[in-house]
Amino acid sequence: MKYLFINSVAGYGSTGHIIENTARGLMQDGHQCAIAYGRHLVNCDGITLYRIGSKLDVALHGAKTRLFDAEGFGSKAATRKLVKWIDTYQPDVIWLHNLHGYYINVEVLFGYLKSHPDIQVKWTLHDCWTMTGHCAHFMTIDCNQWMDGCTSCQLLGDYPKCIGLSNVSKNYARKKAAFTGVKNIEIIVPCKWMGSVVEQSYLREYPARVVYNTIDLQQFRPIEIDTEEKICPEKKIILGVASVWNHKKGLDDFIKLDTMIDHDRYQIVLVGLNKQQLSALPASITGLERTNSTLELAKLYTEAFVYLNLTYEDNYPTTNLEAQACGTPCITYNTGGSPESVPADNVIEKGDLKSVITRIEELFTCATK
């Protein structure tokens, strides 16, 4: 069979790695695979690739979103070219992933899918943008408008950021009209929590099944590290990893936690910070820029004493899996589907840093017995 994956990125970040690994697995089984992406390509050697639009298209779509809250409704010309290419490629299965990212027009794409019911459509949801009038996550404000129809949004300043005219009500109606009515489609969610969200949304007309995200265990495994390679050989590392750090990913909580830990014993290391965040970071925290090297990440996970995921909004973070595959316990906030991948004792209520420290001390005691 011929598969076409559509995603904002390819071989980059968590979703980019997921589609690359899935495609390679299918190719090993004798299938043909292609990836259509909008921005950020890393490797993916041997896989047929199609770039949707250009950097200019992405910039214009982003500007339209900033001014008119129009994420998913730009890039018409680029998407029309895409569907012409799809006719040439003639896939049996189109496997959708993230459709936000300023690169594709969802009305043009889904108009094509509805007019080609012979093509099987799979759609893996990595966040909640598909079911809202604006935001990708609504957990931080406990908003339930998405169940019946968004009329306003407290998160216009969050991704996909809008500083101009709000269109959340119109966006909700346009998305609902575009995303419903596809004849041959299956929704795939990476956790039970996300499944419950789908069941309460306008996507409930579609069959949905839970398929937990997986990682490459040949890449993420305990790695032998020479002493000179270690970041902090004399202390226990409390590690945090994110592709984009902000208060919702727990950056503020890590900074607070740093004032509460025993610095003779522990060292906080954060990976994925930008240059501005690195310059503002307390000197007692070790900060590193983002790395796309799985080997570097595996070494960091292996060296760490504990991986700490203080996210306030998430679906089913693969970093939890990566850390544990490298032999490092993971402690996470009770957020979305994040608790589904760790032991119950390692799930802490959001913001409860005292309980975080208590659990770290318990793990330390067990490790030193």
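These numbers were taken from a predicted model, which means no experiment stands behind them.

J.: Hey, could you run me through the pattern of salt bridges in this one?
T.: Two side chains of opposite charge can pair, provided their charged atoms sit close to one another. Tallied over the full model, the rule gives 11 salt bridges. Notably, a salt bridge pairs Arg 209 with Glu 186, separated by 2.5 Å at the nearest N-O pair. One end of the pair, Arg 209, is in strand S7 (residues 208–210); the other, Glu 186, is in strand S6 (residues 185–189), and 23 residues separate them in sequence. Taking the relative accessible area as the measure of exposure, Glu 186 reaches 18% and is therefore buried. Two residues, Glu 229 and Lys 299, come together in a salt bridge whose shortest N-O distance is 2.9 Å. Here Lys 299 lies in helix H9 (residues 294–303) and Glu 229 lies in the loop between S7 and strand S8 (236–241), a separation of 70 residues in the sequence. Connected through shared salt-bridge partners, Lys 122, Glu 186 and Arg 209 make up one network.

J.: Looking at this model, I keep getting lost on the packing of aromatic side chains. Mind explaining?
T.: Working definition: an aromatic ring pair is given by the centre-to-centre distance plus the angle between the planes. Under the definition given, this model contains 19 aromatic pairs. Between the aromatic rings of Phe 305 and Phe 364, the centroid separation amounts to 6.2 Å while the plane-to-plane angle is 70 degrees, which identifies the pairing as edge-to-face. Placement of Phe 305 in the loop between H9 and strand S11 (306–309) and of Phe 364 in helix H11 (residues 353–368) is noted, with a sequence separation of 59 residues between them. Considered together, Phe 305 and Phe 364 belong to a single accessibility category, that of buried residues. One aromatic cluster is present, built from ring pairs that chain together Phe 110, Trp 123, Trp 129 and Phe 179. A cation over an aromatic ring shows up here: Lys 122 above the ring of Trp 95, its NZ or CZ 5.6 Å from the ring centre. Directly above the aromatic system of Phe 364 lies the positively charged group of Arg 265, at a separation of 4.2 Å from the ring centroid.

J.: Whenever I open this one, a positive patch on the surface confuses me. Can you help?
T.: A surface patch of positive charge is lined by Lys 64, Lys 76, Arg 80 and Lys 170. Within the fold, Arg 80 resides in helix H3 (residues 76–89). In this structure Arg 80 comes out as partly exposed when scored by relative accessible area, which is 47%.

J.: Explanation requested: the packing of helix H7 (residues 251–258) against H11 in the structure shown.
T.: In a packed pair of helices, the relevant descriptors are the angle between the two axes and the axis-to-axis distance. Relative orientation of the contacting elements H7 and H11 amounts to 65 degrees, with a least axis distance of 11 Å. Of the two possible hands of crossing, H7 and H11 adopt the one that is right-handed. Contacts from Asp 253, Lys 256 and Leu 257 of H7 reach H11 at Leu 353, Val 356 and Ile 357. Among the residues making up the contact of H7 with H11, the classes are represented as four nonpolar, no polar and two charged.

J.: Could you clarify how one ought to interpret the sheet that holds strand S10 (residues 286–288) in this entry?
T.: Adjacent strands of a sheet pair through backbone hydrogen bonds, lying either parallel or antiparallel. Taken together, six strands build an open sheet; the order of strands is S10-S9-S8-S11-S12-S13 and the sheet is parallel. Bordering the open sheet on either side are S10 and strand S13 (347–348), each of which pairs with just one other strand. Pairing geometry for strand S12 (residues 330–333) and S13, over two bridges, is parallel. The partner of Thr 332 across the bridge, within S13, is Val 347. The strands touched by helix H10 (residues 318–325) are S8, S11 and S12; relative to S11, the strand with the most contacts, the crossing angle is about 175 degrees.

Cut-offs and rules
Residues numbered from 1 in each chain as written. Predicted model: local features only at pLDDT ≥ 70, side-chain atom pairs only at ≥ 80, totals over all residues. Heavy atoms only, no water. Salt bridge = Lys/Arg side-chain N within 4 Å of Asp/Glu carboxyl O. Helix = DSSP H or I, 4+ residues; strand = E, 2+ residues; numbered from the N terminus. Buried < 20%, exposed > 50% of the residue type's maximum accessible area, 1.4 Å probe, protein only. Phe/Tyr/Trp six-rings, centres within 6.5 Å; stacked < 30°, edge-to-face > 60°. Lys NZ or Arg CZ within 6 Å of the ring centre and 35° of its normal. Patch = residues over 30% accessible without salt bridge, like charges linked within 9 Å, V, L, I, M, F, W, Y side chains within 5 Å. Areas by Shrake-Rupley, 256 points an atom, 1.4 Å probe, with all protein chains shown as cover. Lys, Arg positive; Asp, Glu negative; His and termini not counted. Charge placed at Lys NZ, Arg CZ, Asp CG, Glu CD. Axes fitted to C-alpha atoms, helices over the stretch in contact; angles between N-to-C directions. Left-handed = near helix turned anticlockwise from the far one by under 90°. Contact = heavy atoms within 4.5 Å. Nonpolar A, V, L, I, M, F, W, Y, C, P; charged D, E, K, R; others polar. Pairing = 2+ DSSP bridges.

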